[in-house]
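Examination of the molecular architecture
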There are 2 protein chains.
Amino acid sequence: MDVAAYMAELGQQARAAAREVARSTTAVRNQTLLATARALSAARTELVRANQKDLENGRANGLDDAMLDRLELTEARIDTMIEGLQQVAGLPDPVGEITDMTYRPSGIQVGKMRVPLGVIGIIYESRPNVTVEAASLCLKSGNATILRGGSEAIHSNQAIAACLATGLAEAGLPETAVQVVATTDRAAVGELITMPQYVDVIVPRGGKGLIERISRDARVPVIKHLDGVCHVYIDSHADPEKALKVAVNAKTHRYGTCNTMETLLVDEEVADDMLPLLAREFVVKGVELRGCERTRAVLPDVIAATEEDWHAEYLAPILAVRVVAGLDAAIDHINRYSSQHTESIITENYTRARRFLTEVDSSSVMVNASTRFADGFEYGLGAEIGISTDKLHARGPVGLEGLTSQKYVVFGDGHIRA
Amino acid sequence: MDVAAYMAELGQQARAAAREVARSTTAVRNQTLLATARALSAARTELVRANQKDLENGRANGLDDAMLDRLELTEARIDTMIEGLQQVAGLPDPVGEITDMTYRPSGIQVGKMRVPLGVIGIIYESRPNVTVEAASLCLKSGNATILRGGSEAIHSNQAIAACLATGLAEAGLPETAVQVVATTDRAAVGELITMPQYVDVIVPRGGKGLIERISRDARVPVIKHLDGVCHVYIDSHADPEKALKVAVNAKTHRYGTCNTMETLLVDEEVADDMLPLLAREFVVKGVELRGCERTRAVLPDVIAATEEDWHAEYLAPILAVRVVAGLDAAIDHINRYSSQHTESIITENYTRARRFLTEVDSSSVMVNASTRFADGFEYGLGAEIGISTDKLHARGPVGLEGLTSQKYVVFGDGHIRA
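Residues numbered from 1 in each chain as written. Chains lettered and ligands numbered in written order. Predicted model: local features only at pLDDT ≥ 70, side-chain atom pairs only at ≥ 80, totals over all residues. Heavy atoms only, no water.

Going by what an unreviewed UniProt entry lists, chain A is known as Gamma-glutamyl phosphate reductase and is assigned to Marinobacter shengliensis. Looking at the Pathway (unreviewed entry) heading of the UniProt record, one finds this comment for chain A: "Amino-acid biosynthesis; L-proline biosynthesis; L-glutamate 5-semialdehyde from L-glutamate: step 2/2." (UniProt positions renumbered as here; feature names shortened; annotations may be inferred.)

1. Points about the overall build of chain A
Scanning chain A for helices and strands turns up 15 helices and 16 strands. Oriented by its inertia axes, the alpha-carbon framework of chain A measures out at about 70 × 65 × 35 Å. Here chain A holds 418 residues, and the buried ones make up 60% of them. Residue pairs in contact within chain A that sit at least 24 positions apart in sequence constitute 72% of those at least 6 positions apart. Charged side chains of chain A number 43 positive and 56 negative; the gap between the two group centres comes to 4 Å. (Helix = DSSP H or I, 4+ residues; strand = E, 2+ residues; numbered from the N terminus. Buried < 20%, exposed > 50% of the residue type's maximum accessible area, 1.4 Å probe, protein only. Contact = heavy atoms within 4.5 Å. Lys, Arg positive; Asp, Glu negative; His and termini not counted. Charge placed at Lys NZ, Arg CZ, Asp CG, Glu CD.)

2. A few points about the relation of the copies chain B and chain A
For the match of chain B to chain A, the screw axis carries a shift of 0.0 Å, the RMSD comes to 0.0 Å, and the turn is 180°. In the structure described here, the two chain copies are related by an operation that fits a two-fold rotation axis. Closest approach to the rotation axis among the C-alpha atoms of chain B is made by His393(B), whose C-alpha sits 1.8 Å away. With an isologous cut-off of 70% or more, the 100% of interface residues of chain B that recur at the interface of chain A puts this contact in the isologous class. (Least-squares fit on C-alpha atoms with pLDDT ≥ 70 in both.)

3. Brief notes about the side chain of Lys242(B)
One can find Lys242(B) in helix H10 (residues 240–252). The contact partners of Lys242(B), leaving out residues within four places of it in the chain, are Asp413(A), Gly414(A), Ile346(B), Glu348(B) and Asn368(B).

4. Details of the sheet that holds strand S10 (residues 303–304) of chain B
An order of S1(A)-S2(A)-S16(A)-S13(B)-S12(B)-S7(B)-S8(B)-S11(B)-S9(B)-S10(B) is seen for the 10 strands of this open sheet, with the pairing classed as mixed. Each of the sheet's edge strands pairs with one partner strand only, and the pair in question is strand S1 (98–103) of chain A together with S10 of chain B. Bridge count between strand S2 (residues 109–116) of chain A and strand S16 (residues 404–415) of chain A: 8 bridges; the pairing is antiparallel. Within the sheet, the bridge partner assigned to Met113(A) lies in S16(A) and is Lys407(A). Seen against the sheet, helix H14 (residues 327–337) of chain B touches strand S7 (230–234), strand S8 (261–267), strand S11 (318–324) and strand S12 (342–346) of chain B and runs at an angle of roughly 175° to S7(B). (Pairing = 2+ DSSP bridges. Axes fitted to C-alpha atoms, helices over the stretch in contact; angles between N-to-C directions.)

5. Topic: the interface of chain B and chain A
At the interface, 66 residues of chain B touch 66 residues of chain A. Of the roughly 5700 Å² buried at the junction of chain B and chain A (both faces included), carbon and sulfur atoms supply 55%. On the chain B side of the contact with chain A, Leu392(B), Tyr408(B) and Arg417(B) bury the most area, a combined 16% of that side's loss. The tally of links from chain B across to chain A stands at 10 salt bridges. Asp200(B) is the partner of Lys391(A) in a salt bridge, and the nearest nitrogen-oxygen pair spans 4.0 Å. Counting across the chain B and chain A interface gives 47 residue pairs in polar contact (both at pLDDT 80 or more). Going through the elements one at a time, strand S2 (109–116), H10, helix H15 (350–359), strand S13 (364–369), strand S15 (396–398) and strand S16 (404–415) of chain B are the ones with two or more residues in the side of chain B that touches chain A. Ranked by the residues each element gives to the side of chain B that touches chain A, the list is headed by S16(B), at 11 residues. (Buried area = accessible area lost by both parts, 1.4 Å probe. Salt bridge = Lys/Arg side-chain N within 4 Å of Asp/Glu carboxyl O. Polar contact = N/O pair within 3.5 Å; in protein donor to acceptor, adjacent residues only side chain to side chain.)

6. Some details on the pattern of salt bridges
Pairing between side chains of opposite charge can happen when the charged atoms of each approach one another. All chains considered together, the criterion is met by 56 salt bridges over all chains. Between Arg38(A) and Glu170(A) there is a salt bridge, and its shortest N-O distance comes to 3.1 Å. Of this pair, Arg38(A) sits in helix H2 (residues 26–42) while Glu170(A) is found in helix H7 (residues 154–171), placing the two residues 132 residues apart along the sequence. Judged on exposure class, the residue Arg38(A) and its partner Glu170(A) are both exposed. Between Glu378(A) and Arg417(B) there is a salt bridge, with its nearest N and O atoms 3.2 Å apart. In this pair, Glu378(A) sits in the loop between strand S13 (364–369) and strand S14 (386–388) while Arg417(B) sits in the segment after S16, so the two residues belong to two different chains.

7. Here we look at empty space enclosed by the protein
Taken as a whole, this structure holds 4 cavities of 30 Å³ or more when the rule is applied. Roughly 50 Å³ of internal volume is contained in the largest cavity. As for the largest cavity, its lining consists of Arg148(A), Gly149(A), Gly150(A), Ser151(A), Ile154(A), Asn157(A), Val180(A), Val181(A), Thr183(A) and Thr184(A). Of the residues belonging to the lining of the largest cavity, the class tally is 3 nonpolar, 6 polar and 1 charged. Estimated volume of the second largest cavity: approximately 40 Å³. Lining the second largest cavity, in full, are Arg148(B), Gly149(B), Gly150(B), Ser151(B), Ile154(B), Asn157(B), Val180(B), Val181(B), Thr183(B) and Thr184(B). Tallied by class, residues from the lining of the second largest cavity come to 3 nonpolar, 6 polar and 1 charged. (1 Å grid on protein atoms, 1.4 Å probe; cavity = no way out; pocket = protein on both sides within 12 Å on 5 of 7 lines; lining within 4 Å. Points joined across faces, edges and corners; volume = space filled by probe spheres on them. Nonpolar A, V, L, I, M, F, W, Y, C, P; charged D, E, K, R; others polar.)

8. Examining the environment of Ala247(B)
Residues and elements named next belong to chain B. Mapping Ala247 onto the fold places it in helix H10. Through-space distance from the C-alpha of Ala247 to that of Ala4 is 50 Å; in sequence the pair is 243 residues apart. Setting aside residues up to four positions removed in sequence, Ala247 forms contacts with Ile234, Met261, Leu264, Leu278 and Phe282.

9. Let's talk about the sheet that holds S13(A)
Sheet architecture is open: 10 strands sit in the order S10(A)-S9(A)-S11(A)-S8(A)-S7(A)-S12(A)-S13(A)-S16(B)-S2(B)-S1(B), paired in mixed fashion. Since the sheet does not close on itself, it has two edges, and those belong to strand S10 (303–304) of chain A together with strand S1 (98–103) of chain B, each with one partner. By the bridge criterion, 4 bridges tie S1(B) to S2(B) in an arrangement that is antiparallel. The partner of Ile98(B) across the bridge, within S2(B), is Met113(B). Packed on one face of the sheet, helix H14 (residues 327–337) of chain A meets strand S7 (230–234), strand S8 (261–267), strand S11 (318–324) and strand S12 (342–346) of chain A and runs near 175° to S7(A).

10. With respect to the packing of aromatic side chains
This structure, assessed with the given rule, holds 2 aromatic pairs over all chains. Ring geometry for Tyr379(A) against Tyr408(B): centres 4.7 Å apart, planes inclined by 40°, an arrangement best described as tilted. Of this pair, Tyr379(A) sits in the loop between S13 and S14 while Tyr408(B) is found in strand S16, placing the two residues in two different chains. Cation over ring: Arg322(A) sits above Trp310(A), and NZ or CZ is 4.8 Å from the ring centre. (Phe/Tyr/Trp six-rings, centres within 6.5 Å; stacked < 30°, edge-to-face > 60°. Lys NZ or Arg CZ within 6 Å of the ring centre and 35° of its normal.)

11. A closer look at the packing of helix H2 (residues 26–42) of chain B against helix H3 (residues 44–60) of chain B
All names here are of chain B. Contact geometry of H2 with H3 gives a least axis separation of 5 Å together with a crossing angle of 70°. The angle between the axes of H2 and H3 places the two elements in the roughly perpendicular class. Residue-level contacts link Leu40, Ser41 and Ala42 of H2 to Arg44, Glu46 and Leu47 of H3. (Parallel < 35°, antiparallel > 145°, perpendicular 65-115°, else oblique.)

12. Re the UniProt feature "domain: Aldehyde dehydrogenase" (unreviewed entry) in chain A
Residues and elements named next belong to chain A. Under the present numbering, the feature "domain: Aldehyde dehydrogenase" (unreviewed entry) in UniProt falls on residues 12–280 and 300–374. Annotation note: span residues 12–280, helix share 52%, strand share 17%, distance between end C-alpha atoms 60 Å. Taken end to end, residues 300–374 is 35% helix and 27% strand, and its first and last C-alpha atoms sit 33 Å apart.

13. Structural notes on the pairing of S2(B)
Among the 8 residues of S2(B), 8 are classified as buried, and the element is accordingly described as predominantly covered. Between S1(B) and S2(B), which pair antiparallel one after the other, the connecting turn spans 5 residues, and Gly107(B) there sits at a positive phi close to 105°.

And the structure:
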């Protein structure tokens, strides 16, 4: 198979389909999503059978249990995909919104219209439900998509692709509006990320290694989500009860998510009081603490943290703890070690809260709230295609709006420039 | 000189300075701009002397007259730089603006805060006034800058850099907040565009060749402005008087600008009536017409257009003219040949105007207005660092807001995720 030619063909088809999707009505795009949901429901047997093939191959290829779990399409997961489609269909359509329309001194009227980006390439790993999730968000926002899932999920993804094709056809949109790459050849990824003539943006979803590789080699803009090394800083003016509650929630609500706290910073003025209270809670939850010297002076049982711990995204019941000399030291630590994902200050002090908000350069900055809130659904975006740790275009949780752009619209009445 | 080490040093310094600029007050940043204006005024003799050196070298190196003209710093151009600084100081500060603050069902309050991008790299060609213009917009929007001007303007740029350093020092900001690359070694550009750890975005200003080269090699996001192949489409329902006025203005108001019309599309239903009227006006203005076959059937004296003409950005008194079979054909032509900069429809028909606005995928889409309005000042942005033909981040004219990003801010009262 000539992968370059195959991918170029997908690209051309996507580009042509993108125009049709962009000018389709909200109703047609919603119909597509609902028809796909019906198609998925009708194809349960085929989906599970295709998925069995992937699971068998996965076992034969020695995939570990966690990977096999992510790969599995259970009835419950099919239900979740169907509900997801229905939810996205119910979201407001971002496309076509006109804002900021004002008259200029010249007499022209200028504003902005929200428009689809065009063709979005999605590169992801084992979870086949991402196929439906990503396709539905791209379609809803008026874009065509090329999806490249993990090779271990190829049969599941193709079965899902068939349902998407049914949905598109039923609503009268071209089936090429959503294309799932049918080859497991790794060269397909290389092609997808170097076709700026056909692809407007790449959204990779997966581990840091995958995303770094794609960012390095892409010739197309990438909306990327690297790691989440999130901090909570307990200020000397913190309400101890709020501090305890938020710190415990930020670490222990879920260990494997990118908005989980990985390092806790404690103001030296309250370290003697707060650290024992915190340690007691974390011990109960089974969280291993790794502390700086000053932490260990208060909590002698704690393991000594090394430089590596300040950089670590554990995604596990481990927490780095550091005592810092006040707000400036906390901000310095964060700006040095944070992945600029999410940080929270616990304080009752107005000026310190304000400084933390302004001076911490992360995609989400919080006061007296758990870092676990950094999430598209919690923020009211209705859906989330990822969390961007980039600064350009979309920063933080990316919803439908992040899959669109704005163009200028100008109304005149024969106006000319003088 | 070790260019890599030198550029890395500039990068580190810029990254450190960016934090200080980001947390500086509006007043301090405005003071810097006004102090720089005073420094430029006081340094007129030095500026002209440094510029003379560049002009002499330029003549010795055989620069053409147009290039020498762009290079020259006259008293009037120094005045313009000074006025520019004063104007930018007077613009509203985009940094820190908080919008969309709403309460979520969980009880947290979520909104967005506008923040600087960080470090902006500017790469430009001969005009030394760009040094002041770009530096002032980056500073105003809270960013640090590394500027890399053309080697032919090195003495002028260094003299301007000294004035910027004076301005920064007077206002108490680090001089490293604006750094003008002091070497003419071309390797400096290669370093600047591949230091994502120090540089957040590159804004190249110059010819298409320069920008394509930078986009291809950059490892840092690029806000790029390629070419402007702009169209005016005269619909069969156009008011002939408005059509004539706008078409003539869009082509002849200025020939060398990117928002100048390069191809005129005329609906076949009105071609017989409109083309002779248009031709008469263009002949008077000395514009050479290159037409399709059907144009030449009406205007036999017109030169035959080739496929190349539909792609051409003439930047000259030349205009490609094509008769098209209605709105769909016009949109097809535009979506095929346009550089997605600016297009305008002339029509009194509501539905056609609406379709043109929706279906033409360009950064500015207009109804009954001259393409020459596509400009940051005309749109009310107050200033313009360039016009983006990209879709991500900034599209169309880029003002101060395009040099910023938005982060999420979350207010809680000890809120935790359930």
